There are 2 protein chains.
Amino acid sequence: MPSVTAFAPATVSNVGCGFDALGFAIDGPGDEITAEFREGTGVEITAIAGDNGRLSLDAHRNTAGVAALALLAALGKTRGVSLAIRKGLPLASGLGGSAASAAAAVVAVDALLGTRAPVDLLIACALEGERLGAGSAHPDNVVPAICGGFVLVRNPQPLDVVRLPVPAGLTAVVVHPALEIETASARALLGDAIPLADAIRQWANLGALVDGLHRSDFELISRALVDSVAEPRRAGLVPGLEAIKRAAVAAGALGAGLSGSGPSLFALCRDRATADRAAVAMTAAVDAHIRGGSQTYVSAIASGARVVATCAS
Amino acid sequence: MPSVTAFAPATVSNVGCGFDALGFAIDGPGDEITAEFREGTGVEITAIAGDNGRLSLDAHRNTAGVAALALLAALGKTRGVSLAIRKGLPLASGLGGSAASAAAAVVAVDALLGTRAPVDLLIACALEGERLGAGSAHPDNVVPAICGGFVLVRNPQPLDVVRLPVPAGLTAVVVHPALEIETASARALLGDAIPLADAIRQWANLGALVDGLHRSDFELISRALVDSVAEPRRAGLVPGLEAIKRAAVAAGALGAGLSGSGPSLFALCRDRATADRAAVAMTAAVDAHIRGGSQTYVSAIASGARVVATCAS
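This brings us to the overall build of chain A. Summing up its helical and strand segments, chain A has 10 helices and 12 strands in all. Radius of gyration (C-alpha) of chain A: 19 Å, near the 20 Å computed for a compact globule of 313 residues. Considering only C-alpha atoms, chain A reaches an extent of 55 × 40 × 40 Å along its principal axes. Buried positions account for 59% of the 313 residues belonging to chain A.

Below, the structure is given as structure tokens:
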């Protein structure tokens, strides 16, 4: 039977001032999904590795399964598909794990079917999976997981995505401590309304960040990498958050903060050498505040989901 | 006695998605202030034209007077200065009239003194005047009134201003109907908190607008010129607001909305010919909904405050 394996990367969403609107992809960790045809119709999950048995094998209750089902339905395909999932991303890590599974699923199934579906359709179907995994459909992980790069979601529905420029040298650090934070409970901390003054600071910073990316103005990027809205209300979720951020900046990072709703933290740096120093400093600070060890990644802004293996027979 | 006359232009603030953060200067209407030395110390307002007698001749209760006093104090100057004010901008028009008076005052006094004060100091002192005129110190009119161009105020204090690029051809239309709206009462309509969902739309649009200005992507600029926060809550202040905006867009404008807190309306267009058509359509729509006539201006994004006359003797 022919099979296709697709990989989708970890993603950092929010990125300081861009709650629910900004995200970028990193190299390194990610989820891999192998899709094959099977007898019958619908989607079957045949195996899941890397989840310690916590994810459902029921396709209708699995992020990748829901995304694949949405794509088959959107394309009007009645063939049966089986998915084998290898989670490279830890659960509830703030690295866009459910988005990566959904993105890898739609890219694998699209390639298996040979349909070359438009990217907007792949995103829309992956968002159906993300809705299951994250409790709501926020495109700021799914879009960079599929498109790669540094993206701004101007509007989720109908989808309107702006691919932002990435200054030469810009390098991300991501540190994942041994904590889990459910996105839904982190969102509940925000409430439904925010002070107008905080909102004004947020959009002024987001506008400045976009300008800084266009001009490769690292000083402006640094001043703009501030979250006035989500992070102050979530700070209690990650012990030592402020100290970890200070350590990153003291080591030369332009700015740092929670990746998504955490617990992972990101920093952006002007070059790889600075990022390597910031990674050492952040990892030490994380390990000083949070027991259980951590994983650290240093990466350029990376490509999105892609087919990594095909088998024709 | 030597004298200096400075002009400061009308400004459009908010600009759709940039409440309290975005503004640009237009050519045409503005305020002019002539500064001279006088006996004694402090600031004296010797004349005000164009205000129908409504502005105070007491320098401590006059926007231009307060701004000039702030500059003299900041520079440690004890010389007396007299100001003659010619208001070219109507009061409570949404065109940054108090900012223009404050900007013209500091530029005139700086030139009279020959101090060449840094622009940040001029802005800070003009903001003291704006605080009097507008009830609070919002830099999104004062900064473009002094610097010109299309600006983003990333942070008001300490001041951090981003000068945004202006695509070739970008042309503004401004229509001023025969209404007055006090900024303070328009602000009160907003309250102190806004729905998180509205705020997210606002910062996603502002990020997209900045990207569109950098890329000269008029379609993106058009999609991003949406105010999710202030205008929906102020729509009742200007009869026919939605119809006037629709008329502008139907005539080819990229987008339209309230200038500041209104009643003036602005539109942005991709070229002068489109702006001329949009101006006709907007003026007709304004006149259909609001009695009393209107003034219409079509302008490139313009320069800021400048000395227009000096007399040495």
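That covers the picture; the talk isn't over yet.
When chain A is fitted to chain B, the residual RMSD is 0.0 Å, and the transformation amounts to a turn of 180° plus an axial shift of 0.0 Å. Read as a symmetry element, the transformation amounts to a two-fold axis.

Residues and elements named next belong to chain A. Considered domain by domain, chain A is made up of domain 1 (3–163 + 303–311) and domain 2 (171–300). At the junction of the two partners, domain 1 supplies 24 residues and domain 2 supplies 33 residues. Listing elements by their share of the side of domain 1 that touches domain 2, those giving two or more residues are strand 1 (3–14), strand 2 (18–38) and strand 5 (150–156). With 7 residues, the single largest contributor to the side of domain 1 that touches domain 2 is strand 2. Residue composition of the side of domain 1 that touches domain 2, grouped by class: 13 nonpolar, 10 polar and 1 charged.

Okay, the sheet that holds strand 9 (residues 255–258) of chain B next. All names here are of chain B. Strand order across the open sheet formed by 4 strands is 9-10-7-11, with antiparallel pairing between neighbours. The open sheet has two edge strands, strand 9 and strand 11 (294–300), and neither has a second partner. Pairwise comparison of adjacent strand axes, ignoring direction, gives a mean angle of 15° for this sheet. One ladder, built from 7 bridges, connects strand 7 (residues 171–177) with strand 11; its direction is antiparallel. Within strand 11, the position partnered with Thr-171 by the bridge is Ala-300.

This next bit is on the sheet that holds strand 10 (residues 265–269) of chain A. Residues and elements named next belong to chain A. Pairing is antiparallel in the open sheet, where 4 strands are placed in the order 9-10-7-11. This sheet does not close on itself; its edge strands, each paired only once, are strand 9 (255–258) and strand 11 (294–300). Mean inter-strand twist for the sheet, computed between neighbouring axes without regard to direction, equals 15°. Sheet analysis places strand 9 next to strand 10, joined by 4 bridges and oriented antiparallel. Within the sheet, the bridge partner assigned to Leu-258 lies in strand 10 and is Leu-265. Running over the sheet, helix 10 (residues 272–289) touches strand 7 (171–177), strand 10 and strand 11 and is turned about 15° from strand 7.

Before going further, it helps to examine the environment of Val-153 of chain B. Position of Val-153 of chain B among the secondary structure elements: in strand 5 (residues 150–156). Classification of Val-153 of chain B as buried rests on a count of 26 C-beta atoms within 10 Å. Other than its neighbours up to four places away in sequence, Val-153 of chain B contacts Ala-204 of chain A together with Ala-21, Pro-139, Asp-140, Val-143 and Val-161 of chain B.

The interface is formed by 32 residues belonging to chain A together with 32 residues belonging to chain B. Counting residues per element, the ones that place at least two in the side of chain A that touches chain B are strand 2, strand 5, strand 6 (159–164), strand 8 (193–195), helix 6 (196–215) and helix 7 (218–224) of chain A. Per-element tally for the side of chain A that touches chain B: the top contributor is helix 6 of chain A, with 13 residues. Class assignment of the residues belonging to the side of chain A that touches chain B gives a composition of 20 nonpolar, 6 polar and 6 charged. Pairing analysis gives 3 bridges linking strand 8 of chain A to strand 8 (residues 193–195) of chain B, with the strands arranged antiparallel. Bridge pairing links Ala-193 of chain A to Pro-195 of chain B in strand 8 of chain B.

Quick notes on the rules
- Residues numbered from 1 in each chain as written.
- Chains lettered and ligands numbered in written order.
- Predicted model: local features only at pLDDT ≥ 70, side-chain atom pairs only at ≥ 80, totals over all residues.
- Helix = DSSP H or I, 4+ residues; strand = E, 2+ residues; numbered from the N terminus.
- Rg over C-alpha atoms; globule rule 2.2 N^0.38 Å.
- Buried ≥ 20, exposed ≤ 12 C-beta atoms within 10 Å, placed from the backbone.
- Least-squares fit on C-alpha atoms with pLDDT ≥ 70 in both.
- Domains from an automatic or database assignment.
- Contact = placed C-beta atoms within 7 Å.
- Nonpolar A, V, L, I, M, F, W, Y, C, P; charged D, E, K, R; others polar.
- Pairing = 2+ DSSP bridges.
- Axes fitted to C-alpha atoms, helices over the stretch in contact; angles between N-to-C directions.

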